Amino acid sequence: MKISEQVAFVTGANRGLGRQLALELLSRGAKVYGGARNPETIDIPGVIPVKLDITNPQEIAAAAKVAKDTTLLINNAGSSTGASLLNGDLDEIQLEFNTHFFGTLSMVRTFAPIVTSNGGGSILNILSALSWVSSGTVGAYTAAKAAEWALTNDLRLNLYSQNVKVIALHVGYMDTDMTKGLEASKSNPKDIAQIAIDGIEADHFEIIADDLSRHIQSSLAGGVSAIYPHLS
(Lines give C-alpha, C1' and ligand atoms only; values in the text may rest on other atoms or scores of the structure.)
Protein backbone atom coordinates (compact mmCIF):
# COMPACT_ATOMS: atom_id res chain seq x y z
CA MET A 1 0.00 0.00 0.00
CA LYS A 2 1.36 3.40 -1.00
CA ILE A 3 0.54 5.74 1.87
CA SER A 4 0.69 8.89 -0.26
CA GLU A 5 -2.31 7.59 -2.24
CA GLN A 6 -4.48 6.83 0.81
CA VAL A 7 -7.29 8.59 2.62
CA ALA A 8 -6.92 7.73 6.29
CA PHE A 9 -9.32 7.95 9.20
CA VAL A 10 -7.64 7.85 12.63
CA THR A 11 -9.77 7.51 15.76
CA GLY A 12 -8.54 9.15 18.95
CA ALA A 13 -6.40 11.50 16.88
CA ASN A 14 -6.24 14.36 19.37
CA ARG A 15 -3.46 13.00 21.59
CA GLY A 16 -0.96 10.23 22.26
CA LEU A 17 -0.36 7.63 19.59
CA GLY A 18 -3.37 8.76 17.55
CA ARG A 19 -1.93 12.24 17.17
CA GLN A 20 1.44 10.83 16.14
CA LEU A 21 -0.22 8.51 13.62
CA ALA A 22 -2.05 11.45 12.07
CA LEU A 23 1.19 13.45 11.85
CA GLU A 24 3.07 10.52 10.31
CA LEU A 25 0.37 9.92 7.71
CA LEU A 26 0.34 13.61 6.76
CA SER A 27 4.12 13.64 6.43
CA ARG A 28 3.86 10.79 3.90
CA GLY A 29 1.26 12.56 1.78
CA ALA A 30 -1.99 10.94 2.91
CA LYS A 31 -5.27 12.77 3.34
CA VAL A 32 -6.21 12.42 7.01
CA TYR A 33 -9.45 12.59 8.95
CA GLY A 34 -9.06 12.70 12.72
CA GLY A 35 -11.82 11.49 15.00
CA ALA A 36 -12.22 12.72 18.58
CA ARG A 37 -15.02 13.23 21.10
CA ASN A 38 -14.05 16.91 21.11
CA PRO A 39 -12.84 17.62 17.57
CA GLU A 40 -11.70 21.12 18.51
CA THR A 41 -8.83 19.47 20.43
CA ILE A 42 -7.31 18.26 17.16
CA ASP A 43 -4.74 20.97 16.48
CA ILE A 44 -2.85 19.49 13.52
CA PRO A 45 -2.96 21.68 10.39
CA GLY A 46 -4.13 19.55 7.47
CA VAL A 47 -6.08 16.99 9.53
CA ILE A 48 -9.84 17.14 8.99
CA PRO A 49 -11.44 16.96 12.47
CA VAL A 50 -14.52 14.79 12.90
CA LYS A 51 -16.68 14.50 16.00
CA LEU A 52 -16.59 10.87 17.04
CA ASP A 53 -17.27 8.78 20.11
CA ILE A 54 -16.80 5.21 18.88
CA THR A 55 -19.32 3.95 21.46
CA ASN A 56 -22.02 6.12 19.84
CA PRO A 57 -23.56 4.52 16.71
CA GLN A 58 -25.07 7.81 15.54
CA GLU A 59 -21.70 9.55 15.62
CA ILE A 60 -20.07 6.66 13.74
CA ALA A 61 -22.72 6.90 11.03
CA ALA A 62 -22.26 10.66 10.79
CA ALA A 63 -18.47 10.28 10.57
CA ALA A 64 -18.85 7.77 7.73
CA LYS A 65 -20.89 10.31 5.75
CA VAL A 66 -18.13 12.88 6.15
CA ALA A 67 -15.24 10.50 5.40
CA LYS A 68 -16.81 8.56 2.53
CA ASP A 69 -13.50 8.47 0.62
CA THR A 70 -11.65 6.51 3.35
CA THR A 71 -9.28 3.74 2.24
CA LEU A 72 -7.34 3.29 5.49
CA LEU A 73 -9.05 3.05 8.88
CA ILE A 74 -6.94 3.13 12.04
CA ASN A 75 -8.82 2.07 15.17
CA ASN A 76 -6.74 3.75 17.82
CA ALA A 77 -9.33 5.20 20.26
CA GLY A 78 -9.16 3.51 23.64
CA SER A 79 -9.88 3.69 27.33
CA SER A 80 -8.14 2.45 30.47
CA THR A 81 -10.18 2.47 33.66
CA GLY A 82 -7.78 0.28 35.63
CA ALA A 83 -10.73 -1.85 36.72
CA SER A 84 -10.18 -5.32 38.12
CA LEU A 85 -12.31 -8.16 36.75
CA LEU A 86 -12.68 -9.64 40.23
CA ASN A 87 -13.84 -6.62 42.19
CA GLY A 88 -13.89 -3.67 39.79
CA ASP A 89 -16.91 -1.55 38.99
CA LEU A 90 -19.01 -3.39 36.39
CA ASP A 91 -19.77 -0.12 34.59
CA GLU A 92 -16.04 0.46 34.11
CA ILE A 93 -15.55 -3.09 32.83
CA GLN A 94 -18.46 -2.54 30.44
CA LEU A 95 -16.85 0.70 29.25
CA GLU A 96 -13.63 -1.13 28.35
CA PHE A 97 -15.54 -3.64 26.21
CA ASN A 98 -17.78 -0.98 24.69
CA THR A 99 -14.67 0.89 23.60
CA HIS A 100 -12.14 -1.74 22.59
CA PHE A 101 -14.47 -4.48 21.33
CA PHE A 102 -17.89 -3.12 20.41
CA GLY A 103 -16.61 0.33 19.39
CA THR A 104 -13.92 -1.13 17.17
CA LEU A 105 -16.39 -3.63 15.72
CA SER A 106 -18.89 -0.87 14.96
CA MET A 107 -16.21 1.18 13.20
CA VAL A 108 -15.20 -1.78 11.07
CA ARG A 109 -18.78 -2.75 10.20
CA THR A 110 -19.46 0.82 9.10
CA PHE A 111 -16.21 1.63 7.31
CA ALA A 112 -15.27 -1.70 5.70
CA PRO A 113 -17.95 -1.32 2.97
CA ILE A 114 -16.67 2.21 2.33
CA VAL A 115 -13.09 0.98 1.96
CA THR A 116 -14.27 -1.76 -0.40
CA SER A 117 -16.30 0.68 -2.49
CA ASN A 118 -13.20 2.88 -2.83
CA GLY A 119 -11.22 0.03 -4.39
CA GLY A 120 -10.00 -1.67 -1.25
CA GLY A 121 -7.49 -0.80 1.44
CA SER A 122 -6.54 -1.58 5.01
CA ILE A 123 -7.78 -1.44 8.59
CA LEU A 124 -5.26 -1.21 11.43
CA ASN A 125 -6.37 -2.13 14.94
CA ILE A 126 -4.10 -0.83 17.70
CA LEU A 127 -3.87 -3.73 20.14
CA SER A 128 -1.46 -4.32 23.01
CA ALA A 129 0.99 -6.81 24.43
CA LEU A 130 -1.74 -7.16 27.07
CA SER A 131 -3.98 -8.77 24.45
CA TRP A 132 -1.77 -11.85 24.97
CA VAL A 133 -0.97 -11.77 28.68
CA SER A 134 -2.37 -10.42 31.93
CA SER A 135 -0.43 -8.39 34.46
CA GLY A 136 -3.03 -9.23 37.12
CA THR A 137 -3.80 -5.57 37.73
CA VAL A 138 -5.88 -4.12 34.85
CA GLY A 139 -8.07 -7.07 34.08
CA ALA A 140 -10.85 -5.18 32.30
CA TYR A 141 -8.43 -3.58 29.84
CA THR A 142 -6.57 -6.86 29.30
CA ALA A 143 -9.76 -8.84 28.66
CA ALA A 144 -11.12 -6.20 26.29
CA LYS A 145 -7.86 -6.12 24.33
CA ALA A 146 -7.83 -9.93 24.14
CA ALA A 147 -11.35 -9.77 22.73
CA GLU A 148 -10.22 -7.13 20.24
CA TRP A 149 -7.40 -9.45 19.12
CA ALA A 150 -9.95 -12.24 18.50
CA LEU A 151 -12.12 -9.73 16.64
CA THR A 152 -9.15 -8.73 14.50
CA ASN A 153 -8.39 -12.32 13.53
CA ASP A 154 -11.99 -13.08 12.58
CA LEU A 155 -12.49 -9.89 10.57
CA ARG A 156 -9.15 -10.44 8.85
CA LEU A 157 -10.46 -13.72 7.42
CA ASN A 158 -13.86 -12.35 6.48
CA LEU A 159 -12.73 -9.10 4.85
CA TYR A 160 -9.75 -10.37 2.86
CA SER A 161 -11.95 -11.48 -0.04
CA GLN A 162 -13.40 -7.95 -0.12
CA ASN A 163 -9.93 -6.49 -0.73
CA VAL A 164 -9.67 -5.18 2.83
CA LYS A 165 -6.55 -6.16 4.77
CA VAL A 166 -7.00 -6.17 8.56
CA ILE A 167 -3.77 -5.51 10.45
CA ALA A 168 -2.92 -5.77 14.14
CA LEU A 169 -0.32 -3.68 15.92
CA HIS A 170 0.92 -5.06 19.24
CA VAL A 171 2.78 -2.66 21.51
CA GLY A 172 3.72 -2.50 25.18
CA TYR A 173 3.87 0.64 27.28
CA MET A 174 4.04 4.01 25.53
CA ASP A 175 4.76 7.41 27.01
CA THR A 176 1.20 8.77 26.83
CA ASP A 177 -1.43 10.14 29.20
CA MET A 178 -2.78 6.61 29.63
CA THR A 179 0.46 5.41 31.26
CA LYS A 180 1.20 8.56 33.27
CA GLY A 181 2.46 7.58 36.70
CA LEU A 182 3.34 4.05 35.65
CA GLU A 183 6.91 3.04 36.43
CA ALA A 184 7.95 1.04 33.37
CA SER A 185 10.06 1.28 30.26
CA LYS A 186 7.98 3.20 27.70
CA SER A 187 8.26 3.65 23.95
CA ASN A 188 8.01 7.04 22.28
CA PRO A 189 4.62 7.13 20.49
CA LYS A 190 6.26 8.96 17.58
CA ASP A 191 8.53 5.94 17.02
CA ILE A 192 5.59 3.53 17.28
CA ALA A 193 3.63 5.59 14.74
CA GLN A 194 6.50 5.33 12.27
CA ILE A 195 6.73 1.56 12.82
CA ALA A 196 2.96 1.23 12.36
CA ILE A 197 2.83 3.16 9.09
CA ASP A 198 5.92 1.33 7.80
CA GLY A 199 4.10 -1.96 8.51
CA ILE A 200 0.97 -0.84 6.70
CA GLU A 201 3.00 0.30 3.71
CA ALA A 202 4.84 -3.06 3.67
CA ASP A 203 1.47 -4.91 3.65
CA HIS A 204 2.12 -6.77 6.91
CA PHE A 205 -0.77 -8.53 8.63
CA GLU A 206 0.79 -8.12 12.07
CA ILE A 207 3.14 -5.45 13.39
CA ILE A 208 5.13 -6.20 16.55
CA ALA A 209 6.27 -2.78 17.64
CA ASP A 210 8.62 -3.33 20.57
CA ASP A 211 10.80 -5.81 22.45
CA LEU A 212 8.20 -6.44 25.17
CA SER A 213 5.62 -7.54 22.60
CA ARG A 214 8.16 -9.73 20.82
CA HIS A 215 9.13 -11.38 24.11
CA ILE A 216 5.54 -12.09 25.10
CA GLN A 217 4.68 -13.42 21.65
CA SER A 218 7.64 -15.80 21.75
CA SER A 219 6.57 -17.15 25.15
CA LEU A 220 3.01 -18.05 24.14
CA ALA A 221 3.94 -21.48 22.79
CA GLY A 222 5.36 -22.39 26.20
CA GLY A 223 1.95 -22.22 27.87
CA VAL A 224 1.15 -21.06 31.38
CA SER A 225 4.52 -22.06 32.83
CA ALA A 226 6.36 -19.87 30.31
CA ILE A 227 3.99 -16.90 30.50
CA TYR A 228 3.47 -16.97 34.27
CA PRO A 229 6.54 -18.78 35.69
CA HIS A 230 5.67 -17.78 39.28
CA LEU A 231 2.64 -20.09 39.09
CA SER A 232 4.78 -23.16 38.44
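Residues numbered from 1 in each chain as written. Predicted model: local features only at pLDDT ≥ 70, side-chain atom pairs only at ≥ 80, totals over all residues. Heavy atoms only, no water.

Asks: Explain the sheet that holds strand 5 (residues 121–126) to me, please; I cannot follow it from the model alone.
Replies: Paired through backbone hydrogen bonds, the strands of a sheet run either parallel or antiparallel to each other. Taken in spatial order, the seven strands make up an open sheet running 3-2-1-4-5-6-7, and their pairing is parallel. Two strands close off the open sheet at either side, each with one partner strand: strand 3 (48–51) and strand 7 (206–208). When strand polarity is set aside, the average angle formed by the axes of neighbouring strands in this sheet is 20 degrees. Relative to strand 6 (residues 164–170), strand 5 runs parallel, the two sharing six bridges. Looking at the pairing, Ile126 lines up with Leu169 of strand 6. (Pairing = 2+ DSSP bridges. Helix = DSSP H or I, 4+ residues; strand = E, 2+ residues; numbered from the N terminus. Axes fitted to C-alpha atoms, helices over the stretch in contact; angles between N-to-C directions.)

Asks: Help me understand the nonpolar core, please; the structure alone is not making it clear to me.
Replies: Taken as a class, soluble globular proteins show a tendency for nonpolar side chains to be buried jointly. The biggest cluster of nonpolar side chains holds 30 residues, and the ones touching the most others in it are Ile3, Leu21, Leu25, Ile74, Leu124, Leu169 and Ile200. The set of elements that each furnish at least two residues to this core consists of strand 1 (7–11), helix 1 (16–27), strand 2 (31–36), strand 4 (72–75), strand 5, strand 6 and helix 5 (189–201). The dominant element in this core, judged by the number of residues it contributes, is helix 5, at five residues. Ignoring any residue separated from it by four or fewer positions in sequence, one finds Ile74 in contact with Phe9, Val10, Thr11, Leu21, Leu25, Leu124, Ile126, Ile197 and Ile200. (Core = buried A, V, L, I, M, F, W, Y, C linked by side-chain atoms within 4.5 Å. Buried < 20%, exposed > 50% of the residue type's maximum accessible area, 1.4 Å probe, protein only. Contact = heavy atoms within 4.5 Å.)

Asks: Looking at this structure, I do not really get the side chain of Thr152. What am I missing?
Replies: Looking at where Thr152 falls in the secondary structure, it is placed in helix 4 (residues 139–159). On the basis of relative accessibility, which here comes to 0%, the residue Thr152 falls in the buried class. Engagement of the side chain of Thr152 in a polar contact is seen with the side chain of Asn125, the distance being 2.9 Å. In this structure the side chain of Thr152 is engaged in a polar contact, spanning 2.8 Å, whose partner is the backbone oxygen of Glu148. (Polar contact = N/O pair within 3.5 Å; in protein donor to acceptor, adjacent residues only side chain to side chain.)

Asks: Explain helix 2 (residues 57–66) to me, please; I cannot follow it from the model alone.
Replies: Within an α-helix, residues lying three or four positions from one another point in the same direction, as the helix has 3.6 residues per turn. Within helix 2, burial applies to Glu59, Ile60, Ala63 and Ala64. Projected onto a plane normal to the axis of helix 2, the buried residues spread over an arc of 140 degrees and lie on a single side. Opposite the buried face of helix 2, at more than 90 degrees from it, the exposed residues are Gln58 and Lys65. Where helix 2 is buried, its residues contact strand 1, strand 3 and helix 3 (90–117). (Arc of directions from axis to C-beta.)

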